[in-house]
Amino acid sequence: MKKLSKNAIIGYPAGIITGITYGLNPLFAVPLMKNGAATESILFFRYSFAVLLLGLFLMFRKQSFKVSGKQIGVLFVLGLLYTGSSIFLFDAYEYIASGLATTLVFLYPVLVAIIMVFLKIVPSWPVWLAIAATFGGVLIMTQSDGTQTINPIGVLLSIASALVYALFIVIINRSKAIAGISNTLLTFYALTVGAIVFIGKIIFSDTTITAGITTGTDWLNLIGLALFPTIVSTATLAIASRNIGATKASVLGVFEPITAIVVGTVMFGEPLTANIILGISIAIVAVTFMITVTKR
């Protein structure tokens with residue numbers, strides 16, 4: 001076993017936190033959607049609350065909001081990618097089970113690795129092995145028991161969410177223009193773009209912004225969405241990507257489908273099958289192997 005570097009000690013826990021918090025999406029989003037809240041409204045409030053909280057935090061820290069013109073361009077693209085990932089995922093919830101949709105998004109480590117190969121950065125064999133094993137574990141988790149029909153539209157939307165999320169991770173890792181921007185400020189601007197996109201969608205549609213959002217629990221779910229799968233997951237993703245690299249950070253996202261499945265089982269009564277237990281076990285072993293045999 002190789003001794004972990006300082007970057008690894010910071011990056012690996014951050015990557016695990018990213019996966020767990022992003023996997024909480026269904027916990028807060030599904031009840032809102034069942035109450036009739038529109039996707040645009042849910043995501044607008046999610047992003048707006050997150051921007052407000054981050055903005056207050058930055059002001060409390062007396063951190064400058066100033067960025068260069070070149071940085072604004074990269075941050076705008078990051079915002080569009082993160083926004084697109086959310087839209088595709090929430091639309092997928094309309095066609096397939098939330099746990100399955102969130103699990104399928106875990107295709108993104110494979111997509112990150114492929115993109116990095118095109119950038120002439122080839123992962124080491126332990127990382128490739130971890131990718132293959134975790135992906136296999138996820139496939140086992142999603143095996144149907146023969147009683148459910150999986151809508152291909154939902155599958156395609158989940159894969160689209162995975163692709164834009166993969167691009168988001170790669171840009172954070174590789175862009176020199178935003179290398180000097182703090183993780184908090186990067187998250188603030190990326191989410192600001194999302195809030196603007198969603199308010200625009202609401203204005204140019206017949207959506208009533210607060211339709212289906214009527215109780216205190218609904219507003220608490222929106223705050224939960226803003227805090228955990230938005231602020232925390234995006235900030236820790238940036239930390240992980242910068243410290244251990246885009247590919248390894250994405251592999252740690254295996255905790256996302258694991259969390260989504262646990263949420264589905266505990267909160268929504270979805271069955272915990274032998275396939276799910278086996279798939280989770282394989283994924284955890286693969287991630288542990290990757291961490292123990294690599295320095296960074």
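Up top is the structure.
Remember, predicted model here, so these are calculated numbers, not experimental data.

Asks: I tried to follow the overall build of the chain on my own but got confused; where do I start?
Replies: From N to C terminus, the chain includes 13 helices and 0 strands. Ordered by position from N to C terminus, the α and β elements of the chain give α-α-α-α-α-α-α-α-α-α-α-α-α. Oriented by its inertia axes, the alpha-carbon framework of the chain measures out at about 55 × 55 × 30 Å. Per-residue burial for the chain yields a buried fraction of 51% across its 296 residues. Taking the 17 positively charged and 8 negatively charged side chains of the chain as two groups, their mean positions are separated by 30 Å.

Asks: How should I be thinking about the packing of helix H2 (residues 25–34) against helix H3 (residues 39–60) in this particular structure?
Replies: The axes of two packed helices give the description: the angle between them and the distance between them. Relative orientation of the contacting elements H2 and H3 amounts to 135°, with a least axis distance of 10 Å. In terms of orientation, H2 lies oblique with respect to H3. Of the two possible hands of crossing, H2 and H3 adopt the one that is right-handed. Contacts from Asn 25, Ala 29, Leu 32 and Met 33 in H2 reach Thr 39, Ile 42 and Arg 46 in H3. Its residues assigned to classes, the contact of H2 with H3 shows 4 nonpolar, 2 polar and 1 charged.

Asks: Please clarify how the layout of surface pockets should be interpreted in this entry.
Replies: Here the second largest pocket is characterised by a volume of approximately 190 Å³. If you go around the second largest pocket, you meet 13 residues; those closest to its centre are Met 116, Ile 121, Ile 244, Gly 245 and Thr 247. Broken down by element, the lining of the second largest pocket gets its largest block of residues, 3 residues, from helix H11 (residues 246–251). Across the lining of the second largest pocket, the residue classes break down as 7 nonpolar, 4 polar and 2 charged.

Asks: Explain the side chain of Asn 243 to me, please; I cannot follow it from the model alone.
Replies: Note on placement: Asn 243 falls in helix H10 (residues 216–244). You can call Asn 243 buried: its relative accessible area is 13%.

Asks: Explain the packing of helix H6 (residues 108–118) against helix H8 (residues 152–174) to me, please; I cannot follow it from the model alone.
Replies: Where H6 meets H8, the axes come as close as 8 Å, and the angle between the chain directions of the two elements is 50°. Relative to H8, the element H6 is oriented oblique. In this structure, the crossing between H6 and H8 has a hand that is right-handed. Counted together, Tyr 108, Leu 111, Val 112, Ile 115 and Met 116 of H6 and Ala 162, Leu 163, Tyr 165, Ala 166, Leu 167, Ile 169, Val 170, Asn 173 and Arg 174 of H8 form the full contact between these two elements. Along the lines of polarity and charge, the residues of the contact of H6 with H8 split into 12 nonpolar, 1 polar and 1 charged.

Asks: Help me understand the packing of aromatic side chains, please; the structure alone is not making it clear to me.
Replies: Two numbers describe a pair of aromatic rings. These are the distance of the centres and the angle of the planes. All chains considered together, the criterion is met by 15 aromatic pairs. Both rings, one in Phe 45 and one in Trp 219, keep their centres 5.1 Å apart while their planes meet at 80°; by these two values the pair is edge-to-face. Taken as a pair, Phe 45 in helix H3 and Trp 219 in helix H10 lie far apart in primary sequence, 174 residues in all. The class of Phe 45 is buried, set by a relative accessible area of 10%. The exposure class of Trp 219 is partly exposed, given its relative accessible area of 29%. Taking 5.2 Å as the distance between ring centres and 80° as the angle between the ring planes, the aromatic pair formed by Phe 188 and Tyr 189 counts as edge-to-face. Following the ring pairs from residue to residue traces out a cluster consisting of Tyr 22, Tyr 47, Tyr 82, Tyr 108, Tyr 165, Phe 168 and Phe 198.

Asks: Please explain the side chain of Ser 161 as it appears in this structure.
Replies: Tracing the sequence through the fold places Ser 161 in helix H8. A polar side-chain atom of Ser 161 sits 2.9 Å from the main-chain carbonyl oxygen of Ser 85. Look past the residues within four positions of Ser 161 in its chain and what remains in contact with it is Ser 85, Phe 88, Leu 89 and Val 105.

Asks: Where do I start with a nonpolar patch on the surface in this structure?
Replies: A contiguous nonpolar surface patch, about 310 Å² in accessible area, is contributed by Leu 52, Leu 56 and Met 59. Tracing the backbone shows Leu 52 in helix H3.

About the criteria used
Throughout this document, residue positions are counted from 1 along each chain, in the order its sequence is written. Given that the model is predicted, a residue must reach a pLDDT of at least 70 before its local features are reported, and side-chain atom pairs must reach 80 or more before they are shown or counted; all residues, however, enter totals for whole chains, interfaces and linings. Calculated side-chain values reflect all of the structure's heavy atoms, with hydrogen atoms and water omitted. In DSSP terms, a helix is any run of H or I states spanning at least four residues, a strand is any run of E spanning at least two, and both are numbered starting from the N terminus. Three exposure classes are used, based on accessible area relative to the maximum for each residue type with a 1.4 Å probe and protein chains only: buried under 20%, partly exposed in between, and exposed over 50%. In this tally Asp and Glu are treated as negative and Lys and Arg as positive; neither His nor the chain ends contributes. We put the charge of a Lys on NZ, of an Arg on CZ, of an Asp on CG and of a Glu on CD. In this description, a line fitted to the C-alpha atoms serves as the axis of each element, helices being fitted only across the stretch in contact, and the angle between N-to-C directions of two axes falls anywhere from 0 to 180 degrees. Note that the term roughly parallel is reserved for angles under 35 degrees, roughly antiparallel for angles over 145, roughly perpendicular for angles of 65 to 115, and oblique for everything else. Helix crossings fall into two classes, left-handed where the near helix is turned counterclockwise from the far one by less than a right angle and right-handed where it is turned clockwise. Between two residues, a contact is recorded if the distance between any of their heavy atoms is within 4.5 Å. Only Asp, Glu, Lys and Arg are considered charged in this grouping, and only Ala, Val, Leu, Ile, Met, Phe, Trp, Tyr, Cys and Pro are considered nonpolar; every other residue, Gly among them, is considered polar. Residues are said to line a cavity or pocket when one of their atoms sits within 4 Å of a point; the points come from a 1 Å grid over protein atoms alone, cavities being sets where a 1.4 Å probe fits but cannot get out and pockets being open sets with protein on both sides within 12 Å along at least five of seven lines. Grid points are joined across faces, edges and corners, and a volume is the space filled by probe spheres set on the points. Each aromatic pair joins two rings of Phe, Tyr and Trp (for Trp, the six-membered one) with centres within 6.5 Å, and gets the label stacked for planes under 30 degrees apart, edge-to-face for over 60, and tilted for any other angle. Any N or O atom pair separated by 3.5 Å or less is treated as a polar contact, with the protein-specific requirement of one donor-capable and one acceptor-capable atom, and with residues adjacent in sequence counted only for side-chain atom pairs. Exposure above 30% relative accessible area and the lack of any salt bridge qualify a residue for a patch; like charges then connect within 9 Å, and the nonpolar side chains Val, Leu, Ile, Met, Phe, Trp and Tyr within 5 Å. Here the accessible surface of atoms and residues is derived via Shrake-Rupley with a 1.4 Å probe, and residues count as covered only by protein chains that are part of the display. Salt bridges are defined as contacts in which a side-chain nitrogen from Lys or Arg sits within 4 Å of a carboxyl oxygen from Asp or Glu.

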